[in-house]
Amino acid sequence: MIGHDISGLVIHVFSTFGNMIWQIFWPLAFGLILSSWIRNLIPVSSVVKHLGKTTPVSLGFTTFLGMVSSSCSYAAASLSHTLLVKKSTVANAMAFLVSSTNLIVEMFIVLVALMGWTFLWGEVIGGLILIATVGFLFSRFFPKDVEQELRQHLEDAQPQKASCGMDMSKMKSNDSDCGMDMSKMKSDDHSAMKMDMAAKPQSPLMEKITKSAGFFQMDIAMIGKEILIGVVVSSILIALMPQEGWRALFISNDAGLPVWLHSFLDVIIGIFVAMIAYVCSVGNLILAAALWHGGISFGGVIGFILSDVLTIPMIRVYQKYYGKRPAKWMVGLLFVAILFTGLCVDAIFNGFGWVTSDQTVRALNQSGFGFNMTTVMNLIFIPASIWYYYLGKKANAGMGMSM
């Protein structure tokens, strides 16, 4: 009897997992493909020069740059670190971190597919409030001595410039520091190089597609595992945790607390759950839907989604990049900014009556199998994304960038 129950539970978990994958595949693939095109058209280097001062204009540039830089939180942390190395202000770098994890195309598409348009607008408005709040807090309250410590940590972490290839005029003919002893190059190696260089040129359109596919493949290499883990964790939690279990985490509406205090506690709980149950900025949307069905407030859901930059793994990344004291200040200010944003979003949407009930959200474990829109889109995007991925992998391998 026990074995039968266990096998039934395992089947239920796998069924939930399969349905989740089926629901989110096409919107995620579509978003990542679209984002790869945008990234190809607008490189990071073209706007870094605008981020040396924190102004409304620089925050606007940073927000736009983050939106077109499709990434999980880890990749966003790496890119924001790059901006700081290139002398961006801390406020602009943190605004980029927030926008590139919470205002990205694939996230919007998956959010609508899973939870509906109300949550999309909540995420957009919440993301913009968070960026403005982050810009204000980090420009006004991030201590100068801590920033100096951060800059020193960045400088110490930079590798020393290699002499190889820096001054060709001083390179002797027998220099081989770079492993490029031309005198020892075999004739067949030279022929292979000539054949490589003589490869058929691509059409302008195919060249753009190939280069964009390279960004797509790198994105999948960076965030594919995170999203898969996220779907697995969320599927297990959704399959095993009854709605009563989720409701036990939150403050009951019958508790008689003031509205602002109830919202405050729910946002705190949402941030805490995100810290310990983190997967990635896209993957945690499934768990966000589970929290909403479980009874958390609208602001609590938004606070949970925005908190993908405050997880335990991310805090360790900040410590590695910037040092312990700067990381503590970053985490503290981000926490305050997310808490404030969650409260604002809850007040705005409840004040205008835009939040109705959890009945408006799509069922968590709905079956997408059958002849419907989800099936049609998956039949298009599954083969298209596989072809696009291998095109990008081949392009990156040809450039020595295989991942």
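Keep in mind the model is a prediction, meaning the values are calculated, not measured.

(A) Highlighting the overall build of the protein. The helix and strand inventory of the protein stands at 17 helices and zero strands. Here the contacts in the protein between residues at least 6 apart in sequence split such that 85% fall between residues at least 24 apart. Split by element, the accessible area of the protein, about 20,800 Å² in all, is 66% carbon and sulfur.

(B) The packing of aromatic side chains, seen in detail. Applying the stated rule across the entire model yields 12 aromatic pairs. For the pair F216 and Y388, a centre-to-centre distance of 5.1 Å together with 55 degrees between the ring planes defines the contact as tilted. Highlighted residues: F216 in helix 10 (residues 204-240) and Y388 in helix 17 (residues 373-398), separated in sequence by 172 residues. By relative accessible area, which is 3% here, F216 ends up buried. Of the aromatic side chains, those joined through ring pairs into one cluster are F119, F298, F349, F352 and W354.

(C) Layout of the packing of helix 12 (residues 259-276) against helix 14 (residues 298-306). Axis separation between helix 12 and helix 14 bottoms out at 7 Å; the angle between their running directions is 30 degrees. Considering the angle they form, helix 12 stands roughly parallel to helix 14. Classified by chirality, the crossing of helix 14 by helix 12 is right-handed. Taking contact as the criterion, the partners of D266, V267, G270, I271, V273 and A274 in helix 12 are, on helix 14, G299, G300, G303 and F304.

(D) Molecular detail of the confidence of the model for the protein. In this model, the protein carries an average pLDDT of 77, and 74% of its residues clear a pLDDT of 70 or more. At the low end of the mean pLDDT range in the protein sits helix 9 (residues 187-197), at 47; at the high end sits helix 16 (residues 324-351), at 94. Scored below 50 in pLDDT, residues 161-189 makes seven contacts in the model with residues more than four places away or belonging to other chains. Across residues 358-367 the pLDDT falls below 50, and counting only partners more than four positions away or on other chains, this stretch makes 30 contacts in the model.

(E) Here's a closer look at the environment of W22. Structurally, W22 can be placed in helix 1 (residues 2-41). Judged by relative accessible area, which is 17%, W22 ranks as buried. Sequence separation of W22 and T374 is 352 residues, and the distance between their C-alpha atoms is 7.7 Å.

(F) A look at the pattern of salt bridges. In total, this model carries three salt bridges according to the counting rule given. When the shortest N-O distance is used, the salt bridge between R151 and E147 registers 3.3 Å. Within this pair, R151 and its partner E147 are both found in helix 8 (residues 144-157), separated by four residues, close to a single helical turn. A relative accessible area of 22% places R151 in the partly exposed class. Of the charged contacts, one joins R325 and E149 as a salt bridge, the two residues approaching to 2.9 Å between their closest N and O atoms. Taken together, the residues R325 in helix 16 and E149 in helix 8 connect sequence positions 176 residues apart. Given the relative accessible area of 34%, E149 is considered partly exposed. A single network of salt bridges, built from pairs that share partners, joins D145, E149 and R325.

(G) Looking closely at the nonpolar core. With 89 residues, the main nonpolar core has L97, M115, F138, Y318, M330 and L334 as its most contacted residues. The dominant element in this core, judged by the number of residues it contributes, is helix 16, at 10 residues. Apart from residues lying up to four places away in sequence, L97 is in contact with S73, A76, A77, S80, V309, M314, Y318 and L334.

(H) Structural context of helix 8. Taking 1.5 Å of rise per residue, the 14 residues of helix 8 would be expected to cover 20 Å, and the 20 Å separating its terminal C-alpha atoms lies within 8% of that figure. Listing the buried residues of helix 8 in full gives V146, E147, L150 and L154. Along helix 8, the residues classed as buried sweep out an arc of 100 degrees about the axis, all on the same side. Every exposed residue of helix 8 that faces more than 90 degrees away from the buried side is listed here: K144, Q148, E155 and D156.

Cut-off values and rules
Residues numbered from 1 in each chain as written. Predicted model: local features only at pLDDT ≥ 70, side-chain atom pairs only at ≥ 80, totals over all residues. Heavy atoms only, no water. Helix = DSSP H or I, 4+ residues; strand = E, 2+ residues; numbered from the N terminus. Contact = heavy atoms within 4.5 Å. Areas by Shrake-Rupley, 256 points an atom, 1.4 Å probe, with all protein chains shown as cover. Phe/Tyr/Trp six-rings, centres within 6.5 Å; stacked < 30°, edge-to-face > 60°. Buried < 20%, exposed > 50% of the residue type's maximum accessible area, 1.4 Å probe, protein only. Axes fitted to C-alpha atoms, helices over the stretch in contact; angles between N-to-C directions. Parallel < 35°, antiparallel > 145°, perpendicular 65-115°, else oblique. Left-handed = near helix turned anticlockwise from the far one by under 90°. pLDDT = per-residue confidence, 0-100. Salt bridge = Lys/Arg side-chain N within 4 Å of Asp/Glu carboxyl O. Core = buried A, V, L, I, M, F, W, Y, C linked by side-chain atoms within 4.5 Å. Expected span 1.5 Å × (residues − 1). Arc of directions from axis to C-beta.

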